[in-house]
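Chain residues, written in single-letter form:
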Amino acid sequence: MIRHFATPELRDTYQELAAVTVAQRAEEFTQKGRLDRESWREIADAGVWGLAVPTEWGGSGGTWWDFVAAPEGIAAGGRDLGFCLSMVAQAGLIRSILTYGTDEHKAAWLPRLLGGDVGATALTETTGGSDVTRIRTAAVSDGDHYVLNGHKDHITNGPEADVALVLGRVPEAGQQDITLFMIDMHADGVVQGPIEDMMGNRTSPTGPIALDGVRVEARNIVGGIGGGIDAVYNTISLDRLLYGILAAAYLDPLLDEVMEYAQQRHAFKVPIAEHQYVQGRITDAKFAIEATRWVSYGALDALVQDSDQASLMCSVAKYHAGETLKLGTETALRVYGHLGYMEGRHSQALRDALGTLIAGGTAEIQRKNVFNQMQRLGARAA
Ligand SMILES: Cc1cc2nc3c(=O)[nH]c(=O)nc-3n(C[C@H](O)[C@H](O)[C@H](O)COP(=O)(O)OP(=O)(O)OC[C@H]3O[C@@H](n4cnc5c(N)ncnc54)[C@H](O)[C@@H]3O)c2cc1C
């Protein structure tokens, strides 16, 4: 049973803030292909990153229900899906530190992230993103440090990040060697970028991170040596449901706009909104938006309750997020007809939406996880 919903007052506050920050600069930063760090700073100053962080670590001591009001409001008011993807990456990183970090990690890294430093989580390599066990980035111990070498690809915020959680191996640990390292991106040996030339989400720059003999203090291992896979699977769950929450929030105003257009645009002597095929497209988008919103709330409830259904629910939310964003933005493009197909915000929205079929784990990987979780839960019940 769902016990909480995203806090409406907070959501409205962030929607208003995003309307005067993110939305105003989205076009400029799409052209530049950069993260809008000015809006990022303003959002950090408004306290977004501390919403679910205990007061002892500089946060406001709320819950993840308080936090999700921020991506909801910013998706609705900012009208920039790319900016939201960068936010998802930052939120996942903060949750990793809160869940798996020691007090020392929290004291060292949370003030920076809450204050507006940009974070990244770097798993994917040239060898592929779906099967993270194929990573080659590796560390060797050297006194109380590890020396890390490797190359990450397609990392959200990678070219801009100030800090990153990097997945690597510690071969000397034996078979269970996959490990998470917190890295200061300004450290010697870290090379960021160049920014990748993506078809959408250009305000959320992705790119490679090269690690060439980067010295990381052993105390900056998060979740213990060999604990990387469990920590990653657990913490990307939040990212997955956030995609669902922001998908619904982003599409709500878009569908309102589509309705308005359909009521004023005429064809065959009546508004196109009176044609049942048009109505059907609009209602199909509405069905998908509501299903995505509520399954994502359900996933968040499962996650904060530490339910054994959490991983399954978060993958269901992520799967619907990508499909719903594709359907919703395609619906807008279709209803606007040729105007929708022109280079501009509708075609850009569809290009942005397509990225969510891949980022955060592809649709196929969500199916795979859902099936695996069904087997696991079935075996447990038997
Ligand atoms: C906008 C964007 C942002 C990103 N941000 C980050 C980030 O912050 N950090 C990060 O680490 N990575 C990031 N990525 C990379 C992303 O995680 C990977 O692209 C994704 O996991 C898929 O990996 P791949 O591209 O290597 O495809 P592959 O893993 O090579 O897969 C190729 C195809 O095969 C399918 N496939 C693979 N295995 C299976 C299977 N077992 N069953 C069925 N189908 C399968 C996939 O679904 C896909 O269709 C981002 C990607 C995008 C597009």
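What this report covers is the structure whose coordinates are included nearby. Fair warning: this is a prediction, and the values are worked out from it, not measured in the lab.

Criteria and thresholds
- Residues numbered from 1 in each chain as written.
- Predicted model: local features only at pLDDT ≥ 70, side-chain atom pairs only at ≥ 80, totals over all residues.
- Heavy atoms only, no water.
- Helix = DSSP H or I, 4+ residues; strand = E, 2+ residues; numbered from the N terminus.
- Contact = heavy atoms within 4.5 Å.
- Salt bridge = Lys/Arg side-chain N within 4 Å of Asp/Glu carboxyl O.
- Phe/Tyr/Trp six-rings, centres within 6.5 Å; stacked < 30°, edge-to-face > 60°.
- Buried < 20%, exposed > 50% of the residue type's maximum accessible area, 1.4 Å probe, protein only.
- Lys NZ or Arg CZ within 6 Å of the ring centre and 35° of its normal.
- Disulfide = S-S within 2.5 Å.
- Near = heavy atom within 4 Å.
- Polar contact = N/O pair within 3.5 Å; in protein donor to acceptor, adjacent residues only side chain to side chain.
- Areas by Shrake-Rupley, 256 points an atom, 1.4 Å probe, with all protein chains shown as cover.
- Nonpolar A, V, L, I, M, F, W, Y, C, P; charged D, E, K, R; others polar.
- Domains from an automatic or database assignment.

Quick notes on the side chain of Ser-237
Locating Ser-237 in the fold gives a position in helix H7 (residues 228–264). Look past the residues within four positions of Ser-237 in its chain and what remains in contact with it is Leu-303, Ser-311 and Cys-314.

Things to note about the pattern of salt bridges
Per the stated rule, a full pass over the model turns up 23 salt bridges. Between Glu-290 and Lys-286 there is a salt bridge; the shortest N-O distance is 2.7 Å. You can see Glu-290 and its partner Lys-286 sitting in helix H8 (residues 276–304), 4 residues apart, about one turn around the helix. It is possible to trace a salt-bridge network through shared partners that takes in Arg-25, Asp-36, Glu-38 and Glu-42.

As for the packing of aromatic side chains
All told, the structure shown has 8 aromatic pairs when counted by the stated rule. For the ring pair Trp-40 and Trp-49, a centre distance of 5.3 Å and an interplane angle of 35° mean the geometry is tilted. In this structure, Trp-40 and Trp-49 share a single accessibility class: buried. Centre to centre, the rings of Trp-64 and Phe-67 are 5.3 Å apart; their planes meet at 75°, and the pair counts as edge-to-face. With Trp-64 and Phe-67 both in helix H4 (residues 64–78) and 3 residues apart, this pair spans about one turn of that helix. Across the pair, exposure class does not vary: Trp-64 and Phe-67 are buried alike. An aromatic cluster is present here, built from Trp-40, Trp-49, Trp-64, Phe-67 and Phe-83 joined pairwise through their rings. The ring of Phe-29 has Lys-32 lying over it, and the distance from NZ or CZ to the ring centre is 4.6 Å. Looking at Arg-79, its charged tip hangs above the ring of Tyr-250, at a distance of 4.5 Å from the centre.

Examining the state of the cysteines
Inspection of every chain in the model, using the stated rule, returns 0 disulfides. Free of any disulfide, Cys-84 has its nearest cysteine sulfur in Cys-314, 18 Å distant. On the accessibility criterion, Cys-314 (0% relative accessible area) is buried.

Some points on the site of the ligand
If you check the shell around the ligand, you find 17 residues, and the closest are Thr-124, Ser-130, Thr-156, Thr-362 and Glu-364. At 2.8 Å from an oxygen atom of the ligand is found a main-chain nitrogen or oxygen belonging to Gly-129. Within the side chain of Ser-130, an N or O atom sits 2.6 Å from an oxygen atom of the ligand. Bound to the protein, the ligand loses 64% of the 970 Å² it would expose on its own. Residues belonging to the shell around the ligand are distributed by class as follows: 6 nonpolar, 9 polar and 2 charged. Here the shell around the ligand spans two domains, and each of domain 2 (121–225) and domain 3 (229–381) adds at least three residues to it.

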